Amino acid sequence: MASRIWGRLRFLLCGGAALKPELATVFSAAGIPVLQGYGLTQTSAVLCVNRGELNRAGTVGVPIPGVEIEIAPDDEILAKAPT
């Protein structure tokens, strides 16, 4: 059914703002998973992204290969990557 409505669309990418888990669940129920990600616009593109079996609505996934992430004592997100 989803292929007739959406054509060759296999998934949606979402970044830049939080997406309500309920909306991601609606798309997933229609056969179109939503892969959310996180990046630091000022310094890097994508740092984390949901993918495959690790895709959970309401989360931004795990760091991509080569990215190290830490949370500072003041809750600031610290990222280190070759990019």
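Fair warning: this is a prediction, and the values are worked out from it, not measured in the lab. (Residues numbered from 1 in each chain as written. Predicted model: local features only at pLDDT ≥ 70, side-chain atom pairs only at ≥ 80, totals over all residues. Heavy atoms only, no water.)

Student: Please clarify how the pairing of strand β6 (residues 77–80) should be interpreted in this entry.
Tutor: The side chains of a regular strand alternate, first on one face of the sheet and then on the other. The pairing of strand β5 (residues 68–71) with β6 spans four bridges and is antiparallel. Paired with Ile71 across the strands is Ile77, a residue of β6. Hairpin connection between β5 and β6: a loop of five residues separates the two successive antiparallel strands, and Asp75 in this loop has a positive phi of roughly 70 degrees. (Pairing = 2+ DSSP bridges. Helix = DSSP H or I, 4+ residues; strand = E, 2+ residues; numbered from the N terminus.)

Student: Any chance you could explain the confidence of the model for the protein chain here in plain terms?
Tutor: Low pLDDT means the predicted coordinates in that region are not meant to be read closely. Predicted confidence across the protein chain gives a mean pLDDT of 84, with 93% of residues reaching 70 or more. Per-element confidence in the protein chain is highest for β5, whose mean pLDDT is 93, and lowest for helix α1 (residues 2–6), whose mean pLDDT is 62. (pLDDT = per-residue confidence, 0-100.)

Student: Explanation requested: unusual backbone geometry in the structure shown.
Tutor: Glycine aside, negative phi is the norm for most residues, and most peptide bonds take the trans geometry. You will see that Asp75, though not glycine, has its phi angle at about 70 degrees, which is positive. For Asp75, the location among the structural elements is in the loop between β5 and β6. Judged by relative accessible area, which is 61%, Asp75 ranks as exposed. (Buried < 20%, exposed > 50% of the residue type's maximum accessible area, 1.4 Å probe, protein only.)

Student: I'm lost on the sheet that holds strand β2 (residues 34–39) in this one. Help?
Tutor: Hydrogen bonding along the main chain pairs the strands of a sheet, whether they run parallel or antiparallel. Overall, mixed pairing links the four strands, which are arranged β1-β2-β3-β4 in an open sheet. Strands at the two margins of the open sheet, each flanked by one partner only, are β1 (12–14) and β4 (62–63). Pairing of β1 with β2, which is carried by three bridges, proceeds in the parallel orientation. By the bridge assignment for β2, Leu13 is matched with Leu35.

Student: Would you take a moment to explain the environment of Thr43 for this structure?
Tutor: Along the chain, Thr43 falls in the loop between β2 and β3 (46–49). Counting along the chain gives 35 residues from Thr43 to Leu78, while the straight-line C-alpha distance between them is 11 Å.

Student: Would you take a moment to explain the state of the cysteines for this structure?
Tutor: Under the defined criterion, the tally for this structure stands at zero disulfides. Unpaired in this structure, Cys14 has its nearest cysteine sulfur neighbour in Cys48, at a distance of 14 Å. (Disulfide = S-S within 2.5 Å.)

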